[in-house]
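Coordinates in review
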Amino acid sequence: MKMTFMSQWAWMIFAGRVVGWDQTTFDNKLAGSPIRRIGHQQWLRNIAVGLGNAPYSIGIVRALQMRLDDDSVLVREHVQWALQQQDEKEQQFRTIQDE
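Summarised in this report is the structure supplied together with it. Here the structure is a predicted model, which is why all the values come from computation and not from measurement. (Residues numbered from 1 in each chain as written. Predicted model: local features only at pLDDT ≥ 70, side-chain atom pairs only at ≥ 80, totals over all residues. Heavy atoms only, no water.)

The next subject is the overall build of the protein. Helices and strands together make up the secondary structure of the protein, namely five helices and zero strands. Overall, the protein shows an N-to-C arrangement of helices and strands of α-α-α-α-α. The long-range share in the protein, meaning contacts at least 24 apart out of those at least 6 apart in sequence, stands at 61%. Carbon together with sulfur atoms contributes 53% to the accessible area of the protein, which is approximately 6600 Å² in total. (Helix = DSSP H or I, 4+ residues; strand = E, 2+ residues; numbered from the N terminus. Contact = heavy atoms within 4.5 Å. Areas by Shrake-Rupley, 256 points an atom, 1.4 Å probe, with all protein chains shown as cover.)

Now for the side chain of Gln86. Along the chain, Gln86 falls in helix α5 (residues 73-98). Here the side chain of Gln86 touches Ala54 through a polar contact of 3.0 Å, landing on its backbone oxygen. Among all residues touching Gln86, those that are not within four sequence positions of it are Leu51, Gly52, Ala54, Pro55, Tyr56, Ser57, Ile60, Val61 and Leu64. (Polar contact = N/O pair within 3.5 Å; in protein donor to acceptor, adjacent residues only side chain to side chain.)

The next thing to look at is the packing of helix α3 (residues 40-53) against α5. One can describe the packing of α3 onto α5 by two numbers: an axis separation of 8 Å at closest approach and a directional angle of 10°. Relative to α5, the element α3 lies roughly parallel. Here α3 contributes Gln41, Gln42, Leu44, Arg45, Ala48, Val49, Leu51, Gly52 and Asn53 to the contact with α5, which in turn contributes Leu74, Val75, His78, Val79, Trp81, Ala82, Gln85, Gln86 and Lys89. The residue inventory of the contact of α3 with α5, partitioned by class, reads nine nonpolar, seven polar and two charged. (Axes fitted to C-alpha atoms, helices over the stretch in contact; angles between N-to-C directions. Parallel < 35°, antiparallel > 145°, perpendicular 65-115°, else oblique. Nonpolar A, V, L, I, M, F, W, Y, C, P; charged D, E, K, R; others polar.)

Okay, the packing of helix α4 (residues 58-65) against α5 next. In the contact formed by α4 and α5, the axes pass within 10 Å of each other and the chain directions differ by 160°. Viewed along their axes, α4 and α5 adopt a mutual orientation that is roughly antiparallel. In this structure, the crossing between α4 and α5 has a hand that is left-handed. Taking contact as the criterion, the partners of Ile60, Val61, Leu64 and Gln65 in α4 are, on α5, Val79, Ala82, Leu83 and Gln86. Looking at the contact of α4 with α5 residue by residue, the classes come out as six nonpolar, two polar and no charged. (Left-handed = near helix turned anticlockwise from the far one by under 90°.)

Don't take any of this as a statement about function, it's just geometry.
This is how it looks when you write it as structure tokens:
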């Protein structure tokens, strides 16, 4: 299913906010949800991948930067990957603007 422009932006705003959730917030907000079964670290990893694949946004970059020093190696590695993806998209955008 292809997401509409508005649903893409709504998801990115949501993901940018929830990437800052700590374990307790994750547990409390998602109590009773099947999402909680994957655990906080895997959930953050999935959000990082989604944000890395999203169109460039300074808001996404800032949200990801909040997790650069996460305790989890898994999360840190995927945040770094996502930031690289965002950087590449920003460079492509700037190249197009300069043409």
